[in-house]
Amino acid sequence: MNLQIGLQLFSVRNELMKSPERTFERISGIGYENLELFIHDASNGVRFCGLSAKELKRLLDANNLRIVSSHVGILGSVDWDELIEYNREIGSSAIVCPMELGIADPYAFCEKMNRYGEICRSYGMDFYYHNHFEVYQRFGDKTLLEILLERTDKDLVKIEFDTYWALRGGGDPVAWLERLGDRCDLVHQKDIPASVQPVNVFETISDRDPITMESFMPFAKPENFTEIGCGVMDIRGILDTLKKIGAARYLFVEQDLTTIGELESIARSYHNITALLAETEGAGA
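Source: prediction; values computed, not measured.

Caption draft 1: Structural context of the overall build of the protein. Along its length, the protein carries eleven helices and ten strands. Whereas a compact globule of 285 residues would reach a radius of gyration of roughly 19 Å, the protein reaches 18 Å, a difference of no more than 12%. Put simply, the protein has 285 residues, and 55% of those count as buried. Once local pairs closer than 6 in sequence are excluded, the contacts in the protein between residues at least 24 apart make up 83%. Per element, the accessible surface of the protein, about 11,800 Å² overall, is 46% carbon and sulfur. If the 29 positive side-chain charges of the protein are averaged to one point and the 45 negative ones to another, these points end up 2 Å apart.

If you want it as structure tokens, here you go:
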């Protein structure tokens, strides 16, 4: 397994707003090399922190950083030529749909994901869907994730699996990684405090109703998250499973929210995940 550690830049969004230059320097100083971009609304032009592709690439190169993939919001109204050109210039080879809310028709949703995948393939880019707990919404006797896997072309639509949000949806991250197999080569990791109860959000809301921003936001609180290795997730088991499958290329630290400073948060997670990964690789030597 050649699993590399990366950082989803959403984890340091507030620091980036203050100073992209200083934040990239700090990220590099911690030890990160691989990054995932976020542009939550590309419908009004493709920019990250107000930076052109050339400006962003200059900052990345100056700090020995590289963009692996990009989360891009509101794909239904983007200028695909502009979006792909921006990603090509910064070195990104994949577009990720970060989340879809309000899904009432899972089959129309799957058709849309296939369409985005076809567009990306026409540009020579990979396309992924990134889960939150909405993929465990149920339609009849199946979850949205099960329908997504059945009704989308595996060569067009890959899964970037967020283990934390799978757990919050009542899923077993290890079992789902095994089920996804080589369809999942990008993974997101964070951790959950022992104090978060119930873990499964569908013990408090219906798994039959569309997940809206209103129903999602109560679970997006700083106290519901902690840094890798500081909570109760079976991260060693996740790493062992990724090693066994052998398909994952990048495991991104993504701290949606934190009760400590953003830079301290990503440093703590980097230290802990690299130590765990070294132990896992050592155990298999």
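Read on, since the account is not over.
Caption draft 2: Highlighting the pairing of strand S3 (residues 66-72). Counting buried positions over the seven residues of S3 gives six, a clear majority of the element. As judged from the six bridges shared by strand S2 (residues 34-39) and S3, these two strands associate in the parallel manner. Its bridge partner being in S3, Asn 34 is matched across the sheet by Arg 66. In terms of strand pairing, S3 meets strand S4 (residues 94-97) through two bridges, oriented parallel. Each bridged residue has a counterpart across the sheet, and for His 71 the counterpart in S4 is Val 96. In terms of handedness, the path from S3 via helix H4 (residues 80-90) over to S4 forms a crossover that is right-handed.

Caption draft 3: Spatial organisation of a negative patch on the surface. Together, Asp 79, Asp 81, Glu 82, Glu 85 and Glu 89 make up a negatively charged patch on the protein surface. Within the element layout of this structure, Glu 89 appears in helix H4.

Caption draft 4: Just the sheet that holds S2, in detail. Strand order in the closed barrel formed by eight strands is S1-S2-S3-S4-S5-S8-S9-S10, and the pairing between neighbours is parallel. Averaged over all pairs of adjacent strands, the angle between their axes in this sheet comes to 30 degrees, without regard to strand direction. In this fold helix H8 (residues 173-180) packs onto strand S8 (158-162) and strand S9 (186-189), with an angle of close to 165 degrees to the strand it touches most, S8.

Caption draft 5: Layout of the packing of H8 against helix H10 (residues 235-245). Across the interface, H8 lies against H10 with an axial gap of 9 Å and an inter-helix angle of 15 degrees. By the angle between their axes, H8 is roughly parallel relative to H10. Taken as a pair, H8 and H10 cross one another with a handedness that is right-handed. For the pair H8 and H10, contact is made by Pro 173, Val 174, Leu 177 and Glu 178 and by Gly 237, Ile 238, Thr 241, Leu 242, Lys 244 and Ile 245, respectively. Of the residues belonging to the contact of H8 with H10, the class tally is six nonpolar, two polar and two charged.

Caption draft 6: Spatial organisation of helix H2 (residues 20-30). For H2, the complete set of buried residues consists of Pro 20, Thr 23, Phe 24 and Ile 27. Seen end-on, H2 carries its buried residues on one side only, within an arc spanning 100 degrees. In this fold, the buried residues of H2 make contact with strand S1 (4-8), helix H1 (13-18), S2, helix H3 (53-62) and helix H11 (262-283).

Caption draft 7: Expanded view of H10. Every buried residue of H10 is listed here: Ile 235, Gly 237, Ile 238, Leu 239, Thr 241 and Leu 242. Packing partners of the buried residues in H10 comprise helix H7 (163-168), H8, S9, strand S10 (250-253) and H11. Once H10 finishes, Gly 246 follows within two positions and takes phi at roughly 80 degrees, a positive value.

Caption draft 8: How the structure looks around the nonpolar core. Leu 9, Phe 24, Ile 27 and Leu 75 are the most contacted members of the largest nonpolar core, which totals 88 residues. If one sorts the elements of this core by residue count, H11 sits on top with six residues. If sequence neighbours within four positions are ignored, Ile 27 has contacts with Leu 7, Leu 9, Val 12, Tyr 32, Leu 35, Leu 65 and Ile 266. If you look at the next biggest cluster of nonpolar residues, it comprises seven residues, including Val 68, Tyr 128, Leu 186 and Tyr 250.

The rules behind the values
- Residues numbered from 1 in each chain as written.
- Predicted model: local features only at pLDDT ≥ 70, side-chain atom pairs only at ≥ 80, totals over all residues.
- Heavy atoms only, no water.
- Helix = DSSP H or I, 4+ residues; strand = E, 2+ residues; numbered from the N terminus.
- Rg over C-alpha atoms; globule rule 2.2 N^0.38 Å.
- Buried < 20%, exposed > 50% of the residue type's maximum accessible area, 1.4 Å probe, protein only.
- Contact = heavy atoms within 4.5 Å.
- Areas by Shrake-Rupley, 256 points an atom, 1.4 Å probe, with all protein chains shown as cover.
- Lys, Arg positive; Asp, Glu negative; His and termini not counted.
- Charge placed at Lys NZ, Arg CZ, Asp CG, Glu CD.
- Pairing = 2+ DSSP bridges.
- Right-handed = clockwise from strand over helix to strand, strands pointing away.
- Patch = residues over 30% accessible without salt bridge, like charges linked within 9 Å, V, L, I, M, F, W, Y side chains within 5 Å.
- Salt bridge = Lys/Arg side-chain N within 4 Å of Asp/Glu carboxyl O.
- Axes fitted to C-alpha atoms, helices over the stretch in contact; angles between N-to-C directions.
- Parallel < 35°, antiparallel > 145°, perpendicular 65-115°, else oblique.
- Left-handed = near helix turned anticlockwise from the far one by under 90°.
- Nonpolar A, V, L, I, M, F, W, Y, C, P; charged D, E, K, R; others polar.
- Arc of directions from axis to C-beta.
- Core = buried A, V, L, I, M, F, W, Y, C linked by side-chain atoms within 4.5 Å.

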